[in-house]
Structure formats: C-alpha cells, structure tokens
Amino acid sequence: MIRAMVRREGTEGGSAQGPAPAGTSRALLPSFDAAFVKRAALEAGFHRVGIARAEPLDPAPLDRMLAIGADADMRWLRATRSERLDPALVLPGARSVVALAVSYLEPPDGQPDEPREGRVARYARGRDYHAVMKRKLKGFVAALRVRDAGLRAYASADSGPVMEKRWAERAGLGWVGKNACLVTTDLGSFVLLSAVILDRELEPDLPHPERCGSCDACLSACPTGALLEPGLLDARRCISYQTIERRGPVPDVVAERLGPWIFGCDDCQTACPWNEGGNEGGNEGGNPCGNRRGNGSGSSGKRAPLALCDPELRARDGQRGLDLDELLALTFEEYARRFYGTALARAKHEGLVRNALLAAGLAGDARRLALVRGHLESPFEGVRAAARWAGARLGGTATLLPG
C-alpha cells in the first residue's frame, strides 16, 4: 500500500518553525528532555511516539526504488532525494527527530461487512488525515515552545521531504515490513505517521528490529504483484497509487485486478498477521508470523491489535464504499460538496469517475452501459480511456487499456 508515498512538496503539512527571536536564550530548561517531549506528544493526541538522532538515513531503500523507476510519476521523490536522507538539509542544526503515529483502526464490534464493490481504503473513510495530523502537530510544537521558546522545528504530515516510515523504524515505533508499511506490535500497520525535526539533542530510543520472520503473506496478497520483493513497492503496479495519484489512464495490469477497490487498497495490510492479532505466547517470542509463509492464516492465542482509532478518522456514513451509479453520474459540484475535507478529494473529480468506470466494467452489469457511454467525450484522457474499456467489457468485447 502506497499511502505513505502519496505526498506533495511544499508547505502543506511540513513547515520549518523558527528561528528563535533575537535575544532569546538557547539554554534548555532542565525539564526539556525526552520524557517531556513524549508526554507532550501523547497529550497532543498521538498514540505512539519515539525519538531518533537526526543522522542521515541509509540511502539504499530509496535508491533501490528510484533505480528501477518504481516511483512512477512521483517526481518529487527523486527531486528531494538529498533532503529525504539528511534532516539537516531540511532543518539546519537538526539534532533529533520525533516520530509520531496515530491509529485509524476501528473496533471490529458493530462494524458492517466490507463493501463488495466501490471499496475505500480504511485511512480515507473519515476526515482528511492531513488536516487531523497537522492540527495535532501544531499543538505539539506549541507545547514544546512553552518550555523552550527558542526551539526550531520542522513538522511533516506526509507532505514534506521526510521519510516518516524510516524515522519511525529508527525511533522504535515499529519496522518497515515486507509490504513496505510500518508495522507495530500493538497497533498493527493501520497507523498514520508524521515526524518533527528538532534542533535539540534528546535521548534516542533504540531502533525496532524486523519481526516479519519468514512470513510472506503480504507479497502473495497483492492483486497486481506490486510488491516486487520484500519492502520494494512498485507504484506503477500499485492499486493505491493508480487510483489516487495517477493522472490519466490506468494500466491494464492494474485495471483488470482492481477487485472491489475504487480508492486505495488494503490487501497487503489485511493479509498481515500483525493486523490479525498478536500471539500471547507461541511463536518467535510473541511474533504471530512465526515461520509461516504465504497463507496469512491465524495462529492460536491471538489478541487483536489495539483499535484506538482517532475519532475524526472513523468512517463516515457512506464512505466505506461508494455507490458506482452515483459516481458515474457525479457532477463536479456534487464532488466538491461531498468529498472536500476528506482524503477522497485527492483523486480529484475526474479520478473518482475514472475509477468508477473501471469498477463498473469489472462488475459486468450491462444496465450501466448508458452511464458509461456518457463519458466517452470527457475532456480527460483517463476518463475517456476508462469509458472505452468499460464499454467494451459490458458489450462483451475485451479491449485493454494501454500499459
């Protein structure tokens, strides 16, 4: 799942705060330490917090992806490579990185079954997580400044040149799993990440060890084979990238395998045993992966990951799954009224319509043919291509999109 790669450069969600006003003392108050910082983070509404030294990251994972073009059209990843690897290039004088996580996993009790079509990734079912995280970050940094008015900070909520997953791993929150998501032992992988770079030395936490073991359930669960090898995600084949970030036609290798998804995809996460539940005393020191390979089956003694879903991230009515007929007839005005303020707006009006056309073609209900044909003259290439593809399928002729 490529949610953590979906980001834009600029000031949205990432901002350097400081420097200190002239004449402000830079001496630290005795109480400005790691314990205070962690307490302030929890009080600001984050569920987990860890600290790492602001030293350059290992370039190998990022360079491996860029070398094969797995960043697809996300040119900002390549353009800001140096900044992503060295926090001192983002905030001169950087000394520490505070890694933060918020859960979006809802309690299973009382939840409806997952939609059979038009399904939305879990993280996008409530309010736009960027806004939720940015507000928490603002409160967190403000609390730090109460103790140290001269503090300089750069806060990123999945939009600045910061590799949140790698910092979360180094700060001990979890590890980057084979599905390229951050996995935690108590919250699973359904977490949103942010980071704050500080120009203050804080006691770091130990990096988290990898605990996937020999399990490869996520690799086989990916419908399009986007996980080329453990931890290496090819955005060109990823359903999440193609249904959210892609502007233009969706390649046939993805279109043919969308399954129930219309915005994002959670398949590589739901297959992960850490999202099924931890093990109370069996395999590998409490590791539910044990020595399993590929089947994602449960293990005895499970306990479910903690469902601490932030209230604003809980699913809104009608947002777990989207009605295909409504999307096929969706006007821009209806799109703006319904989806502004949610992560679904990221796909834009034309992206949601394009995705609905592909889903309609896969669903095979010929009664939608008139709605599909109504998009053949769309001003957007991706919508026109999807309408032709869906129309051919509903009419009984297989015509693939350009790859």
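Residues numbered from 1 in each chain as written. Predicted model: local features only at pLDDT ≥ 70, side-chain atom pairs only at ≥ 80, totals over all residues. Heavy atoms only, no water.

Trainee: Explanation requested: the pattern of salt bridges in the structure shown.
Mentor: Opposite charge on two side chains permits them to pair, given that their charged atoms come into close proximity. In the structure shown here, the tally under the stated rule is 23 salt bridges. Two residues, K136 and D310, come together in a salt bridge whose shortest N-O distance is 2.7 Å. Note that K136 is positioned in helix α5 (residues 129–147) and D310 in the loop between β13 (302–303) and α12 (324–328), a separation of 174 residues in sequence. Among the salt bridges present, the one from D234 reaches R236, with a minimum N-O distance of 2.9 Å. Since its relative accessible area comes to 5%, D234 is described here as buried. Under the relative-accessibility criterion, R236 is labelled partly exposed at 37%. It is possible to trace a salt-bridge network through shared partners that takes in R53, R95 and E201. (Salt bridge = Lys/Arg side-chain N within 4 Å of Asp/Glu carboxyl O. Helix = DSSP H or I, 4+ residues; strand = E, 2+ residues; numbered from the N terminus. Buried < 20%, exposed > 50% of the residue type's maximum accessible area, 1.4 Å probe, protein only.)

Trainee: Teacher, can you tell me more about the environment of C309 here?
Mentor: Counting through the fold element by element, C309 comes out in the loop between β13 and α12. Excluding residues that lie within four positions of it along the chain, C309 makes contacts with S103, Y104, L105, E106 and R314. (Contact = heavy atoms within 4.5 Å.)

Trainee: Could you clarify how one ought to interpret the packing of aromatic side chains in this entry?
Mentor: Note on aromatic pairs: each is described by the distance of the centres and the angle between the planes. A full pass over the atoms with the stated rule returns ten aromatic pairs. Plain terms: the ring middles of F46 and F140 are 6.3 Å apart, the flat faces sit at 75° to each other, and that makes the pair edge-to-face. A residue pair is termed long-range when its members are at least 10 positions apart, and F46 in the loop between α1 (34–43) and β2 (48–53) and F140 in helix α5 qualify at 94 residues. In this structure F46 comes out as buried when scored by relative accessible area, which is 2%. Look at F140 and you get buried, because its relative accessible area is 0%. With a centroid separation of 6.5 Å and 75° between ring planes, the pair formed by Y104 and Y123 is classed as edge-to-face. Taken together, the residues span a long stretch of sequence, with Y104 in the loop between β3 (96–103) and β4 (119–120) and Y123 in the loop between β4 and α5 at a distance of 19 residues. We note that Y104, like Y123, is buried. (Phe/Tyr/Trp six-rings, centres within 6.5 Å; stacked < 30°, edge-to-face > 60°.)

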